[in-house]
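The lines below spell out each chain.
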Amino acid sequence: MPAYATNMRMKFPIVALALEIVIIILFAVFVTYDDGKSHGHDPHSNATHHEEPRPMELYPMFQDVHVMIFIGFGFLMTFLKRYGFSSVGFNLLLAAFGLQWGLLTQGLWHLEDGKIKVTIFKIINADFSTATVLISFGAVLGKTSPVQLLIMTVLEISLFSINEHLVAQIFKANDVGASMIIHAFGAYFGLAVARVLYRPGLRNGHDNDGSVYHSDLFAMIGTVFLWMFWPSFNSAIADPGLTQLTAVINTYLSLAACVLSAYAISSLVEHKGKLDMVHIQNATLAGGVAVGTCADMAIGPYGAMLIGFVAGIISTVGFKYLTPILASNLGIQDTCGVHNLHGMPGILGGLAGIVAVALGKKEGGDAAMQAAALASSLGFALVGGAITGFIMKLPFWGQPPDQNCYDDSIYWEVPEEEEEHEESLAHADHSKNKAEV
Amino acid sequence: MPAYATNMRMKFPIVALALEIVIIILFAVFVTYDDGKSHGHDPHSNATHHEEPRPMELYPMFQDVHVMIFIGFGFLMTFLKRYGFSSVGFNLLLAAFGLQWGLLTQGLWHLEDGKIKVTIFKIINADFSTATVLISFGAVLGKTSPVQLLIMTVLEISLFSINEHLVAQIFKANDVGASMIIHAFGAYFGLAVARVLYRPGLRNGHDNDGSVYHSDLFAMIGTVFLWMFWPSFNSAIADPGLTQLTAVINTYLSLAACVLSAYAISSLVEHKGKLDMVHIQNATLAGGVAVGTCADMAIGPYGAMLIGFVAGIISTVGFKYLTPILASNLGIQDTCGVHNLHGMPGILGGLAGIVAVALGKKEGGDAAMQAAALASSLGFALVGGAITGFIMKLPFWGQPPDQNCYDDSIYWEVPEEEEEHEESLAHADHSKNKAEV
Amino acid sequence: MPAYATNMRMKFPIVALALEIVIIILFAVFVTYDDGKSHGHDPHSNATHHEEPRPMELYPMFQDVHVMIFIGFGFLMTFLKRYGFSSVGFNLLLAAFGLQWGLLTQGLWHLEDGKIKVTIFKIINADFSTATVLISFGAVLGKTSPVQLLIMTVLEISLFSINEHLVAQIFKANDVGASMIIHAFGAYFGLAVARVLYRPGLRNGHDNDGSVYHSDLFAMIGTVFLWMFWPSFNSAIADPGLTQLTAVINTYLSLAACVLSAYAISSLVEHKGKLDMVHIQNATLAGGVAVGTCADMAIGPYGAMLIGFVAGIISTVGFKYLTPILASNLGIQDTCGVHNLHGMPGILGGLAGIVAVALGKKEGGDAAMQAAALASSLGFALVGGAITGFIMKLPFWGQPPDQNCYDDSIYWEVPEEEEEHEESLAHADHSKNKAEV
């Protein structure tokens, strides 16, 4: 164990500093500010507001997405009793690094005068690109070192940018809320990594792979912020005006319906009918994932609600019955159950998109291209994730030994809790004094 | 006790699924997207921006209100030491269900071509309708089953929608920040329910009816988000432009003044002058409640501050002296003290509105109609709450027995805390190892 | 000790009520609503939108800043194990009071018809003025009474308003993100106060001057909200349009680069390469501080990233090596290490501004005036802080004795934790019952 900890000392700082220096050099060469003259792929630049371009118009949407990435994903993963520092801390590290890398890898497809001109639209997309990594992080949570995670970030965002280009520009498929290109992609990428990094030693569980009362409450901060701002996630890059409004309403209603089915099924599948925090923290969000592809289509409010309702059921059932099978039979140890929150609901979203387009709910849509987009996203994820997993498995990235999994103290200075007991005794004395006065 | 817990298994899932399916059917029949052509009751649709309707203009305001409903109310109630899962979890359940129901019951008054056309304005109002339920939930927190709470949600939002229609369309009274129709209504509705559900067995308190250190900090997350976004609550549906600005400024200043008086009085009424977290978590918000009716009136910044200042005093004094009397003399066990945060400040807001309108601070206002609005809100609340209480009291809704009140473990799988002790011992071992190396 | 606690009873309520009453009177005399006709110093009033003034345009930016002030600063300081109530509670008190005082002291420089006309622009600046106090509060956290802190608020915001006027109107220096006039000013003001209030009795530390596991997670709520919304802080009062966009992009990228360098250096300077939560909570934000002055200048995205990268290094190194030296050699006990987060990065920001202006990155800028602004901010801070410190040191403000430092229970009713143990035993019994059923 000391060997592992010592490993961090040089490897992590060198990798982090080197990556950042390379990125700053690339930014110096390739990246500049938007000059208000950009055209083309950004639907907001020459849309309804001809007279007066409003470069900050999407900023409140951006901030909602930003909160989902940094608070939402970060705190959602704090449910583990001794892994909160890593959950919220590595989430910050990976997303802060990933957004820079994503701005480059996405921007290279859209150079203007040889430059990437940064707009609010582009930083929303940069934030989006990090979501794939944060989803995959959930699958391997507690079992990977920060160096491994930085490597995963570089590779996953690169592949994401290629697949996104293929889906949006070549297939011209619709995926406004990214059910396919972010959620399904991120989930299956992470599951492929988790499969390659399979740890037989964790087959029978681990003492730290569970929550305590307050860690579950911290996780609910993440859940609720994700839940609230998901309409922004699904509508941020929609066409402005009524189409964007449709995306907001569909997502708002899908999520609301999903809460009811997730709660109902959670209670139904537990003996005694008790609710399970894992379901509530995750399955209540499946409606946001599943309505993503169709969010800006005229599927009707009830259509959105049906999608959310089904997603809540599938997700909860997945947590209860499928996750244990994946772990024991397929060797896929999915810490956060991303298969249930992002994987299956993401595929459901892709399928719903195929059906909706086939039914003519989106002008100019092509159901075959939607299917190609789903296949491409899953293919890139599984192959890319497997390759990335093998690279991450190389023995010199400081992967933690089994007994130190799910434990912050291998990578963080953790306050010693004995002091709390002393202090609580001291506190008891105070109370006594108070009684005397 | 096992009998109660088992009850959940079938009753809750059936009720939740049935309600959601009925709502989806009603949405299929009645609800459609806004087509940008709506007119009439929505002041934003044909207001200052003639040339170019902006369907997303209110979206940032909506998101602020959304945060208040789901994070604000949800975490405010996590102060109880063993009821955090239920506080934030049932809050999510009731609000997610309530906003769908509210969209229907409010929308039926404003059909266009036989349809409810969803706008941002309407989903703000749907969120508002859930606030009434969340306030009432505070009065009965810890003493009701989720099935009972779902029933309360159906009935309370239905009555709210009738009273709101009466106040806004028939009386044409002003209540932009809803001091009367949400805060006073929700509080007295909840108090009436609490009275009917009176539990003699809790007369002498309950071990779990209190906070621990970190549960009070979780509650402060709720307090501060409510405090910050209250200007959005009070101005979201105000007339655009300077009137909306007035509502923001009045609320911002009322809340600021309220903090000072709440802190001062909290210190003044405790022996030794210590501050009480219950006061700080709640009474600091009374200024937002009390300035609601007048928020968009020209009462002057100092007028708003005076209202907030008085509200902070009344609310703190209410927590200290009135709540115990209500419990012991009137049989009203008000878990969160909603009478002090929403009840009295709501009435104060209604009275301030009568005075302000009488003094000509609102063009076209009528003091008598303001008074009618306050009376109507209180009447609907007390009668509706009492009836709802009797329905909730029927013996087959799984109400928890006294000894299981304020305890998540009757409805939730709760992590076993013994593990934490084992783990903390293990952790102490780590520290030792560290010292040796 | 009882003497101190008793002191609170009358002194604090009287001071708080008197201050609020005076302020309400001043507001009655001086403050009115914006009437949409204001001109002059507010760049938003007559800027790009001639046809149609939009009084609410900056409101989403305001709310982001509001969240930084109340959640960001408030929770950042909850890292101490027994000082969370005071951190988030006094933060609310000081900011709620300070924004009223700041609206007056800033507004007196810009009277129109003898009145301060409140706009969103002005309440953003009022929130900004409180940031100086909250930074200084970090330096003296755990060692001062609420009465002392209210006095500090009055004096510090008054001096801030004079220095801000000097910098902005007389020197006409650029400081859009306030590296100099808020961050450096607030930090050195607080350090001067801390120096005057030096406590030899705390030379060897204090049992309560440390964190526990969950208090560090609460602090991360503050960190992440500050990190996410910092682009709004640095751009809220920038010229609208592309200049504001530049301020957003520079801050977004500076912060992202800063995260990588802060993590890398934190790992590098600890033996075994572990990350230190203190560094992650604070140094990841230094990029936002340091890019403040240049945020709206054409320094290039890579220029912003370089500033953030350097700030992350300086800040982390400061926490590790400089803070202990300041405490032991200079008698400056800086509880939160504001010197590392706001002090040095603020100076770095001021210096970067001088260089950027000298290089012509800001039209009409004057490097000498930038230098004068930095000198003025530091001068006002050090002299003003020292004088304020001596006033705060007067023996009748209820300053806590050494042994009660960093302890909520001197000013707050704190729940007794023994109950938690009893309750946890009771809970264990539940679990047993469950096993039997």
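Remember, predicted model here, so these are calculated numbers, not experimental data.

## Examining the overall build of chain A
(1) Moving on: Across its full length, chain A carries 14 helices and two strands.
(2) Moving on: Across chain A, the fraction of contacts at a sequence separation of at least 24, relative to all contacts at a separation of at least 6, is 83%.
(3) Moving on: When the accessible surface of chain A is split by element, carbon and sulfur atoms take 64% of a total near 12900 Å².

## Side note on the interface of chain A and chain C
(1) Moving on: Contact residues are listed per partner, giving 81 residues for chain A and 77 residues for chain C.
(2) Moving on: Across the interface of chain A and chain C, roughly 6600 Å² is buried in total on both sides, 73% from carbon and sulfur atoms.
(3) Moving on: At the junction of chain A with chain C, the criterion picks out zero salt bridges.
(4) Moving on: Inspection of the region where chain A meets chain C yields 15 residue pairs in polar contact (both at pLDDT 80 or more).

## Things to note about the relation of the copies chain B and chain A
(1) Moving on: With an axial shift of 0.0 Å and an RMSD of 0.0 Å, the rotation relating chain B to chain A amounts to 120°. Both copies of the chain, as the preceding transformation shows, are related through a three-fold rotation axis. Within chain B, the C-alpha atom positioned nearest to the axis of rotation is that of Pro60(B), 3.8 Å from it.
(2) Moving on: A low fraction, 20%, of the interface residues of chain B reappear at the interface in chain A, so the copies pair through non-equivalent surfaces.

## A word on the packing of helix H2 (residues 59-76) of chain B against helix H4 (residues 120-140) of chain B
All names here are of chain B.
(1) Moving on: Running from N to C, H2 and H4 cross one another at 20°; their axes reach a closest spacing of 10 Å. Taken as axis vectors, H2 and H4 run roughly parallel relative to one another. The two elements H2 and H4 cross, and the hand of that crossing is left-handed. Across the interface between the two elements, Tyr 59, Phe 62, Val 65, His 66, Ile 69, Phe 70 and Phe 73 from H2 touch Ile 120, Ile 123, Ile 124, Asp 127, Phe 128, Thr 130, Ala 131, Leu 134 and Ile 135 from H4.
(2) Moving on: Within the contact of H2 with H4, the residues separate by chemical class into 13 nonpolar, two polar and one charged.

## A look at the interface of chain B and chain A
(1) Moving on: Chain B puts 81 residues into the contact, and the matching count from chain A is 75 residues.
(2) Moving on: Taken together, the connections running from chain B to chain A amount to zero salt bridges.
(3) Moving on: At the junction of chain B and chain A, the tally comes to 15 residue pairs in polar contact (both at pLDDT 80 or more).
(4) Moving on: Taken together, the elements giving at least two residues each to the side of chain B that touches chain A come down to helix H1 (2-30), strand E1 (31-33), H2, helix H3 (84-107), H4, helix H7 (213-235) and helix H14 (418-436) of chain B.
(5) Moving on: The dominant element in the side of chain B that touches chain A, judged by the number of residues it contributes, is H1(B), at 15 residues.
(6) Moving on: In terms of residue class, the side of chain B that touches chain A is built from 47 nonpolar, 16 polar and 18 charged.

## Considering the environment of Ile69(C)
Residues and elements named next belong to chain C.
(1) Moving on: Here Ile 69 is to be found in helix H2 (residues 59-76).
(2) Moving on: Linking Ile 69 and Asn 91, residues 22 residues apart in sequence, is a C-alpha distance of 8.4 Å.
(3) Moving on: Among residues more than four places away in sequence, those in contact with Ile 69 are Gly 74, Asn 91, Ala 95, Asp 127, Thr 130, Ala 131 and Leu 134.

## A few points about the UniProt feature "domain: Ammonium transporter AmtB-like" (unreviewed entry) in chain A
(1) Moving on: Residues given the UniProt feature "domain: Ammonium transporter AmtB-like" (unreviewed entry) here are residues 57-409 of chain A.
(2) Moving on: Structurally, residues 57-409 of chain A is divided into 70% helix and 1% strand, and its ends, taken at the C-alpha atoms, are 44 Å apart.

## Some thoughts on the pattern of salt bridges
Two side chains carrying opposite charge are able to pair once their charged atoms lie near each other.
(1) Moving on: Under the criterion given, the structure shown has 18 salt bridges over all chains.
(2) Moving on: One salt bridge connects Lys362(B) with Asp296(B), and the closest N-O pair in it is separated by 3.1 Å. A residue pair is termed long-range when its members are at least 10 positions apart, and Lys362(B) in the loop between helix H12 (338-358) and helix H13 (367-392) and Asp296(B) in the loop between helix H10 (286-290) and helix H11 (301-330) qualify at 66 residues. Taken as a pair, Lys362(B) and Asp296(B) share a single burial class, namely buried.
(3) Moving on: Residue Lys122(C) is joined to Glu112(C) by a salt bridge in which the shortest nitrogen-to-oxygen separation is 3.7 Å. Pair noted here: Lys122(C) is in helix H4 (residues 120-140) and Glu112(C) is in the loop between helix H3 (84-107) and strand E2 (116-118), with a separation of ten residues, a long-range link. In terms of burial, Lys122(C) and Glu112(C) fall into one category: buried.

## A closer look at unusual backbone geometry
If a residue is not glycine, its phi is most likely negative; likewise, a peptide bond is most likely trans.
All names here are of chain C.
(1) Moving on: Unusually for a residue other than glycine, Asp 113 sits at a positive phi of about 55°.
(2) Moving on: Looking at where Asp 113 falls in the secondary structure, it is placed in the loop between H3 and E2.
(3) Moving on: Classification of Asp 113 by relative accessible area gives exposed; the value is 70%.
(4) Moving on: Backbone geometry at Tyr 406 places phi at a positive 55°, although glycine is not the residue there.
(5) Moving on: The class for Tyr 406 is buried, based on a relative accessible area of 5%.

## Description of the state of the cysteines
One covalent bond between the sulfur atoms of two cysteine residues makes up a disulfide.
(1) Moving on: Across all of its chains, the model carries zero disulfides over all chains by this definition.
(2) Moving on: In this structure Cys405(B) is not part of a disulfide, and its nearest cysteine sulfur, from Cys336(B), lies 13 Å away.
(3) Moving on: Taking relative accessible area as the criterion, Cys405(B) reaches 0% and is therefore assigned buried.
(4) Moving on: Note on Cys258(C): no disulfide assigned, nearest cysteine sulfur contributed by Cys294(C) at a separation of 15 Å.

## Looking at the confidence of the model for chain A
Residue and element names in this part refer to chain A.
(1) Moving on: Per-residue pLDDT for chain A averages 91, and the proportion of residues at 70 or more is 90%.
(2) Moving on: The low-confidence segment residues 418-437, where pLDDT is below 50, has 24 contacts with residues more than four positions distant or belonging to other chains.
(3) Moving on: Under the prediction, the complex receives an ipTM of 0.93, its pTM being 0.94.

## Quick notes on helix H7 (residues 213-235) of chain C
(1) Moving on: Spanning 23 residues, H7(C) covers 35 Å between terminal C-alpha atoms, matching the ideal 33 Å at 1.5 Å per step.
(2) Moving on: For H7(C), a buried count of 23 out of 23 residues is recorded, marking the element as mostly surrounded by other parts of the structure.

## Re the packing of H7(C) against helix H8 (residues 242-269) of chain C
Residue and element names in this part refer to chain C.
(1) Moving on: Where H7 meets H8, the closest approach of the two axes is 8 Å, and the angle between their N-to-C directions is 145°. For the element pair H7 and H8, the recorded crossing hand is right-handed. Here H7 contributes Trp 227, Trp 230, Pro 231, Asn 234 and Ser 235 to the contact with H8, which in turn contributes Gln 244, Ala 247, Val 248, Thr 251, Tyr 252, Leu 255, Ala 256 and Val 259.
(2) Moving on: Residues belonging to the contact of H7 with H8 are distributed by class as follows: nine nonpolar, four polar and no charged.

Parameters and conventions
- Residues numbered from 1 in each chain as written.
- Chains lettered and ligands numbered in written order.
- Predicted model: local features only at pLDDT ≥ 70, side-chain atom pairs only at ≥ 80, totals over all residues.
- Heavy atoms only, no water.
- Helix = DSSP H or I, 4+ residues; strand = E, 2+ residues; numbered from the N terminus.
- Contact = heavy atoms within 4.5 Å.
- Areas by Shrake-Rupley, 256 points an atom, 1.4 Å probe, with all protein chains shown as cover.
- Buried area = accessible area lost by both parts, 1.4 Å probe.
- Salt bridge = Lys/Arg side-chain N within 4 Å of Asp/Glu carboxyl O.
- Polar contact = N/O pair within 3.5 Å; in protein donor to acceptor, adjacent residues only side chain to side chain.
- Least-squares fit on C-alpha atoms with pLDDT ≥ 70 in both.
- Axes fitted to C-alpha atoms, helices over the stretch in contact; angles between N-to-C directions.
- Parallel < 35°, antiparallel > 145°, perpendicular 65-115°, else oblique.
- Left-handed = near helix turned anticlockwise from the far one by under 90°.
- Nonpolar A, V, L, I, M, F, W, Y, C, P; charged D, E, K, R; others polar.
- UniProt positions renumbered as here; feature names shortened; annotations may be inferred.
- Buried < 20%, exposed > 50% of the residue type's maximum accessible area, 1.4 Å probe, protein only.
- Disulfide = S-S within 2.5 Å.
- pLDDT = per-residue confidence, 0-100.
- Expected span 1.5 Å × (residues − 1).

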